[in-house]
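A closer look at the structure
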Amino acid sequence: DGLYAGFSVANGNQTIILLPYEKERTSVLLNSQVIPYINASYHTETDVGVLKKYYSGRLLKTLEAKNEKIAVANTSTANFFKEYIGSEEKLSEYVSFSPVSEKRGEMAPVDYIVNLSVVASEFMNCRYGVAVSNAYYTGDSPESEKIVYLAVSNERETAVREIHSFKGEDIPSFLSRCCGDLCVFVEDKI
């Protein structure tokens, strides 16, 4: 989209990669372009799961330090989140996934995700309930902007974040970015 453009220059055995520092875009660029570029250019196999490990580790550290557990509402995106944090096996002691699934019906996506986080907290008997929505398309085509809602509830309040896709961002990259944001969001609320 022409915003925050990055570039690389190769000269002999040296490559310089310049990336803008804008939190959400930088992580997308690293996963979708920089790491594959380095792998192709230098015939390496750098794992793109490094960010998963980093954000999962941060979440684990916070949950351990505060001795808190979270309950994650049952959505199809919750399964993606479960896989995302799977690199930190010890998180299974602190994160439980609700087997109960609620239908959205006529509710607005924001109200629905708030409801899911509260129900997960109560059903799983955890102080914190977490919900991540499916990706909602804002237009009629697969290239349309997508939105995912995140919610974190405790006994007093629910906080909601709305994450927008970037132009050309594929669904797996977008959901992976949302999962990283969810880890940080939970940390912030706890």
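As a reminder, the structure under discussion sits directly above these lines.
In what follows, the accompanying structure is described. (Residues numbered from 1 in each chain as written. Predicted model: local features only at pLDDT ≥ 70, side-chain atom pairs only at ≥ 80, totals over all residues. Heavy atoms only, no water.)

1. Quick word on the side chain of Thr-62
Within the secondary structure, Thr-62 sits in helix α2 (residues 50–66). Since its relative accessible area comes to 16%, Thr-62 is described here as buried. Excluding residues within four positions of it along the chain, Thr-62 makes contact with Glu-187 and Ile-190. (Helix = DSSP H or I, 4+ residues; strand = E, 2+ residues; numbered from the N terminus. Buried < 20%, exposed > 50% of the residue type's maximum accessible area, 1.4 Å probe, protein only. Contact = heavy atoms within 4.5 Å.)

2. Some details on the packing of α2 against helix α5 (residues 171–189)
The contact between α2 and α5 brings their axes to 9 Å, and the two run at 20°. Classified by the angle between their axes, α2 and α5 sit roughly parallel to one another. Between α2 and α5 lies a crossing of left-handed hand. On the side of α2, the interface is formed by Lys-52, Tyr-55, Ser-56, Arg-58, Leu-59 and Thr-62, while α5 contributes Ser-176, Gly-180, Cys-183, Val-184, Val-186 and Glu-187. The residue inventory of the contact of α2 with α5, partitioned by class, reads 5 nonpolar, 4 polar and 3 charged. (Axes fitted to C-alpha atoms, helices over the stretch in contact; angles between N-to-C directions. Parallel < 35°, antiparallel > 145°, perpendicular 65-115°, else oblique. Left-handed = near helix turned anticlockwise from the far one by under 90°. Nonpolar A, V, L, I, M, F, W, Y, C, P; charged D, E, K, R; others polar.)

3. Observations regarding the packing of aromatic side chains
In this structure the tally under the stated criterion is 3 aromatic pairs. The interplanar angle of 65° and the centroid separation of 5.1 Å between the aromatic rings of Tyr-54 and Tyr-55 together place this pair among those described as edge-to-face. (Phe/Tyr/Trp six-rings, centres within 6.5 Å; stacked < 30°, edge-to-face > 60°.)

4. Focus: the environment of Leu-29
Residue placement: Leu-29 occurs in helix α1 (residues 23–42). Sequence-wise, Leu-29 and Ser-173 are 144 residues apart; in three dimensions their C-alpha atoms are separated by 9.8 Å. Apart from residues lying up to four places away in sequence, Leu-29 is in contact with Leu-19, Pro-20 and Val-34.

5. Here we look at the environment of Leu-60
Counting through the fold element by element, Leu-60 comes out in helix α2. For the pair Leu-60 and Glu-93, spaced 33 residues apart in the sequence, the C-alpha separation amounts to 9.6 Å. When residues no more than four places from it in sequence are discounted, the contact partners of Leu-60 are Glu-88, Lys-90, Leu-91 and Tyr-94.

6. Side note on α2
The terminal C-alpha atoms of α2 lie 25 Å apart, and with 17 residues this matches the ideal 24 Å at 1.5 Å per residue to within 8%. One or two steps after α2, the chain reaches Asn-67, where phi turns positive at roughly 50°. (Expected span 1.5 Å × (residues − 1).)

7. Considering the nonpolar core
Ranked by size, the top nonpolar core spans 32 residues in total, and within it Leu-63, Ile-70, Phe-81, Leu-182 and Val-186 carry the most contacts. Sorting the residues of this core by element identifies α2, β3 (70–72), α3 (76–84), β5 (128–132), β7 (146–153), β8 (158–164) and α5 as the ones contributing at least two each. Of the residues forming this core, the biggest block, 9 residues, is contributed by α5. Excluding anything up to four places from it in sequence, Leu-63 contacts Glu-68, Ile-70, Leu-91, Tyr-94, Val-95 and Ile-190. The next biggest cluster of nonpolar side chains, apart from the first, holds 12 residues, and it includes Tyr-112, Leu-116, Cys-126 and Tyr-149. (Core = buried A, V, L, I, M, F, W, Y, C linked by side-chain atoms within 4.5 Å.)

8. Details of the side chain of Ser-98
With respect to the helices and strands, Ser-98 occurs in the loop between β4 (95–97) and α4 (109–123). Given the relative accessible area of 5%, Ser-98 is considered buried. Once residues within four sequence positions are removed from consideration, Ser-98 is found in contact with Val-72, Ala-73, Asn-74, Ala-120, Phe-123 and Met-124.

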